[in-house]
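Structural description and commentary
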Amino acid sequence: MRNPRVLDVQNAVLLIIDVQESFRKQLKDLDQLTRNITILAEAAKILKIPVLLTEQYPQGLGKTITEISACLGERLFFEKTSFSCCQATNFLEKLDSLGRKQVIVCGIEAHVCVQQTVHELMFNDYQAHVVKDAIASRSDRSRDIGWEKMVSSGAVPTSVEMALFEMLAQSGTEQFKTVQRLVK
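Quick notes on the rules
- Residues numbered from 1 in each chain as written.
- Predicted model: local features only at pLDDT ≥ 70, side-chain atom pairs only at ≥ 80, totals over all residues.
- Heavy atoms only, no water.
- Pairing = 2+ DSSP bridges.
- Helix = DSSP H or I, 4+ residues; strand = E, 2+ residues; numbered from the N terminus.
- Axes fitted to C-alpha atoms, helices over the stretch in contact; angles between N-to-C directions.
- Buried < 20%, exposed > 50% of the residue type's maximum accessible area, 1.4 Å probe, protein only.
- Arc of directions from axis to C-beta.
- Contact = heavy atoms within 4.5 Å.

Read from one edge of the open sheet, six strands run β3-β2-β1-β4-β5-β6, paired in parallel fashion. Every interior strand has two partners, whereas the edge strands, β3 (76-80) and β6 (156-158), have only one. Each strand axis lies, on average, 25° off the axis of its neighbour in the sheet, ignoring direction. Relative to β3, strand β2 (residues 51-56) is paired through five bridges, and the arrangement is parallel. Counterpart to L52 in the pairing with β3 is L76.

Here it is in structure tokens:
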């Protein structure tokens, strides 16, 4: 039996929050953020993990960054104007219908939409695994404050590689070899 705070591929979903075109000029580390989220999305396809994708007011902020949308497989899409994804129409109902309780959270902005979503997920009895190297804000200070608030409230801190290897649980399999190539 594994610790319940360790990700389980059968119990996990990936949530990508608001990684939209308007942030392209506002985030200094967008290339690294995009790479890390792309790795998570590619791994989700390999591991057959459901993916939920949100866009905050896409009429004003644009669509999901092309590099990420191009690598996504099947996903549940939610357009929103609320900061928390949990307030988007049918979001919690769709999440509940998946029957999975661990949510791997990545996206923009850490101190606004990401942290409000994480707090509501936990309030609704979901375990939020926040991927530190796959969240961002326009300022490092805002990202760090958002991170501290989420973790101090009970979110599970993780990284891209930590999340992937927890779900793989062992080496030597074809899935392991395929996912390992994504992070090399």
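Glancing now at helix α4 (residues 91-98). What α4 keeps buried is the set F91, L92 and L95. In an axial view of α4, the angular spread of the buried residues amounts to 90°, which keeps them on one side of the axis. Facing away from the buried side of α4 by more than 90 degrees, the exposed set consists of E93 and S97. Tucked into the core, α4 has its buried residues touching β1 (12-17), β2, β3, β4 (102-108) and α5 (110-123). Backbone geometry just downstream of α4 places G99 in the positive-phi region, at approximately 70°.

A word on unusual backbone geometry. Most peptide bonds take the trans configuration, and most residues that are not glycine carry a negative phi. Along the chain, I108 connects to E109 via a cis peptide bond; the corresponding omega equals -20°. Looking at the element boundaries, E109 is found in the loop between β4 and α5. If you check the backbone angles, K48 has positive phi at about 60° while not being a glycine. Mapped onto the secondary structure, K48 falls in the loop between α1 (30-47) and β2. Overall, K48 belongs to the exposed group, its relative accessible area being 67%. Backbone geometry places N90, a non-glycine residue, at a positive phi of 65°. Of note, N90 is situated in the loop between β3 and α4.

What is shown is where atoms sit, not what they do.
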